[in-house]
Amino acid sequence: MFYHNFKYSLKILLKNKMLIFWTFAFPIILGSLFKMAFSDIENNEKLDTIDIAIIQTEEFNNNQIYKKTYEELSNKNNKNKLFNIYYIKEKNNLESKKKANQLLEQDKIVGYLFLENKKEIIVKTSGINQTVFKYVTEEIIQTEKIITNLIKEGMSSNSTDQTINQLYEKIYDKVLSINENNTILKDTTNTNLSYTMIEFYTLIAMTCLYGGILAMTSINNNLANMSSKGKRIFISPTKKYKTIISSVLASYIVQLIGLFILFIYTVVVLKVDYGNNFPLIILLALIGSLAGLSLGVFTSCVFKNSENTKTGIIISLTMLGCFLSGMMGITMKYVIDKNVPIINKLNPANMITDGFYSLYYYDTLDRYYFNIISLIIFAMILIVISTFSLRRQKYDSI
Amino acid sequence: MKNVIEVKNLTKKYKELKAIDDLSFEVYEGEILGLLGPNGSGKSTTINCLLSLLNFNKGTIKIFGKTMKPSSYDIKEKIGVVFQDIAVFEELNVIDNINYFCGLYIKDKDTRKKYVLDAINLVGLENYKKFYPKQLSGGLLRRLNIACGIAHKPKLIFLDEPTVAVDPQSRNNILEGIKKLRDEGSTIVYTTHYMEEVEIICDRVIIIDKGSIIASGTTDEVKHLASIEEKVTVEVVDLENKYLEEIKNLKHVDEVKYDNNILFITYKKGKNNLIDLIDYLKINKINYTKIFSERPTLNDVFLELTGKELRD
Ligand SMILES: Nc1ncnc2c1ncn2[C@@H]1O[C@H](COP(=O)(O)OP(=O)(O)OP(=O)(O)O)[C@@H](O)[C@H]1O
Ligand SMILES: [Mg+2]
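Residues numbered from 1 in each chain as written. Chains lettered and ligands numbered in written order. Predicted model: local features only at pLDDT ≥ 70, side-chain atom pairs only at ≥ 80, totals over all residues. Heavy atoms only, no water.

Draft legend 1. Main features of helix 1 (residues 43-50) of chain B. Residues and elements named next belong to chain B. The buried fraction of helix 1 amounts to 7 of the 8 residues, a majority that puts the element mostly inside the structure. Those residues of helix 1 that sit buried are Lys-43, Thr-45, Thr-46, Ile-47, Asn-48, Cys-49 and Leu-50. At the exit of helix 1 stands Ser-52, carrying a positive phi of roughly 65°. (Buried < 20%, exposed > 50% of the residue type's maximum accessible area, 1.4 Å probe, protein only. Helix = DSSP H or I, 4+ residues; strand = E, 2+ residues; numbered from the N terminus.)

Here's what the structure looks like:
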């Protein structure tokens, strides 16, 4: 019975043209559009470096990590040169800031960095260049913190600031001299990645979540209050959980087929780079799809609306989630991550996007696993609620 | 006779509306029971309650001697239902649709294969096996809908208006098929608001209105509930009033109406009323173009019991 229902659910889903369009074709079309739009941006951006200013505060000058990093990022010989830097040093910090603000007003720079006790990244308007500046600088500040803390831990308590700074320098030289791909900091210089790859990662997130439409349709076919076919299945001697679980399993398989095709397409045709850790990439895709599936299960079991409304709910939730996690530009993700991080912590689209992002950018896997676990919790909560709500509908189903 | 279904004091309310009001009836093994009633009289609601698809407020339902519950899988195994709405998968062709639903009951593949073909033959879809639902006409789709409900050879079959919007030929086909199922040993509950169908195929009929039974019995028994026995219609031009009065006083005549050159006469009782009438017309040299006699229909019974027509 289980296999019988599974086999037919698979057949029914694969033959539904609307479903296949949304879950198979639409992401591929959208991905191709992204590629066309970004190839222009990428080409333009490669020629243009971004004009910024750095105020040479004492803290900046004394910190070898900052100094060297920005030197490297504005180095003529670096093929990934990112910034044109105006170094500003007036009588005092206040004057320097004034000067920087002037440059900003005149649109000579997109923003400036003011490093003192408090770290300030100042930009006038928002835009891709501004975001890249902010993002890269945030990354540098973060990395500096990590390295500093690491070293502090590793040093004996009687070492002086002087010796610490010397050590920083040594470590940093070492870091820079390692093969490009293996360094944390070098990666951030790869601007190409920092703001176009993420849109493809959101595309994968979108596809994972759209998969929910498959699960939703599949369950609707089994529910007596949602479809006349569901009435037929209800009056049969097959147990409800058996038909529902086999249908959901079928929808998961279809979802994964769609995702697999999209992966192949983005890698082969669109040249998207997911990094090299295949088992973890696949794990994230599986768990991401599970989150999408749970969204579909939840929508079908908890809402009482028509199938079209339910599809609408899934599509709009997915689109909103993807928008907030950077589908229409990384600026959005940046703004949300900085100002209302809770939103993206609860946003499954962001969990998936951020998972791919962290897999690509970071050598450590903490952030990746944080996202994986968030996704699992998200999925479990929705499935548990759905199960309870389904149990209650035992009688009086129509 | 064995009872397959026993319903006692069934009452079902949708919020304020009493859709079924204290309904009690039995269905006997091997019969076709007609549930006849106008739109909204509670036929589908009754079936849904019987199947545990709907909760109800009062009453008991026993099928095959056991109380029916949503988890009565042993009872469900023996039931087949053809719902009023078409319930088939657009994505599956005729044979797959039947096979899918049949597979929810019959595990064995070979048996199932045979059952599916039997069902296709029964409803006459042999030439449409690979057709998808949207390629079928309305009548053919109805036939598929029936095949999906009965392919597993159930002992008890519910058919909820299976012939709505079906052409006369398809309808005859379907009715023949249903009789065949009965002859093969199934018990059938058949709802409709076409009284002709009930007269053709039902062994017994229950007439319901506003959720209550207003008459039940064999079709002949029910027809006796009507106080009239015969209806005669005559087409006659410009009949004089004095004749009308005279006809009213003929033997057994209950009522006489003359409208648009058509004369309606209803008789309370008796045979040979038509011959008497023809004699009378001959003697009085009244020329008529057409004359025919009818037995009362279930509609007349309904009209008499409720004061309204069965069909809107
Ligand atoms: N889900 C519902 N909620 C509220 N009222 C309902 C619901 N379903 C049916 N009714 C009402 O219950 C009454 C009986 O409806 P039911 O569908 O059983 O009639 P029926 O005899 O099958 O009619 P038809 O010949 O049109 O199929 C009607 O008045 C109808 O409006
Ligand atoms: Mg009905």
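Draft legend 2. Focus on the sheet that holds strand 1 (residues 3-14) of chain B. Residue and element names in this part refer to chain B. Strands sit in the order 2-1-4-5 across an open sheet of 4 strands; the sheet is antiparallel. Each edge of the open sheet carries a strand with a single partner, namely strand 2 (17-28) and strand 5 (66-67). Relative to strand 2, helix 1 is tilted by about 65°, and along the sheet it contacts strand 1, strand 2 and strand 4 (58-63). (Pairing = 2+ DSSP bridges. Contact = heavy atoms within 4.5 Å. Axes fitted to C-alpha atoms, helices over the stretch in contact; angles between N-to-C directions.)

Draft legend 3. View of the nonpolar core. Residues B:Ile5, B:Leu51, B:Ile79, B:Ile98, B:Leu144 and B:Phe158 are the most contacted members of the largest nonpolar core, which totals 87 residues. Considering each element in turn, this core owes the most residues, 7 residues, to helix 5 (residues 138-150) of chain B. Setting aside residues up to four positions removed in sequence, B:Leu51 forms contacts with A:Phe234, A:Ile235, B:Met68, B:Ile79, B:Val81, B:Phe83 and B:Phe158. (Core = buried A, V, L, I, M, F, W, Y, C linked by side-chain atoms within 4.5 Å.)

Draft legend 4. Molecular detail of the coordination of the magnesium ion (ligand 2). Coordination of the magnesium ion (ligand 2) by the protein is provided by B:Ser44 (OG) and B:Gln84 (OE1), with metal-donor distances spanning 1.9 to 2.2 Å. A residue pair is termed long-range when its members are at least 10 positions apart, and B:Ser44 in helix 1 and B:Gln84 in the loop between strand 6 (79-82) and helix 3 (94-103) qualify at 40 residues. (Donors = N, O, S within 2.8 Å, 3.2 Å for Na, K, Ca; no water.)

Draft legend 5. Seen up close, the side chain of A:Thr23. Residues and elements named next belong to chain A. Secondary-structure assignment places Thr-23 in helix 2 (residues 17-47). Classification of Thr-23 as buried rests on a relative accessible area of 4%. Among the polar contacts listed, one links the side chain of Thr-23 to the backbone oxygen of Leu-19, at a separation of 2.7 Å. Apart from residues lying up to four places away in sequence, Thr-23 is in contact with Thr-207, Tyr-210, Gly-211 and Leu-214. (Polar contact = N/O pair within 3.5 Å; in protein donor to acceptor, adjacent residues only side chain to side chain.)

Draft legend 6. A look at the sheet that holds strand 2 (residues 83-88) of chain A. Residues and elements named next belong to chain A. Strands sit in the order 2-1-3-4 across an open sheet of 4 strands; the sheet is mixed. The sheet is open, and its two edges are formed by strand 2 and strand 4 (119-123), each paired on a single side. With direction set aside, neighbouring strand axes in the sheet form an average angle of 20°. Along the sheet, helix 4 (residues 64-73) makes contact with strand 1 (50-55), strand 2, strand 3 (111-115) and strand 4, crossing strand 2 at roughly 135°. Relative to strand 3, helix 5 (residues 93-105) is tilted by about 165°, and along the sheet it contacts strand 1, strand 2, strand 3 and strand 4.

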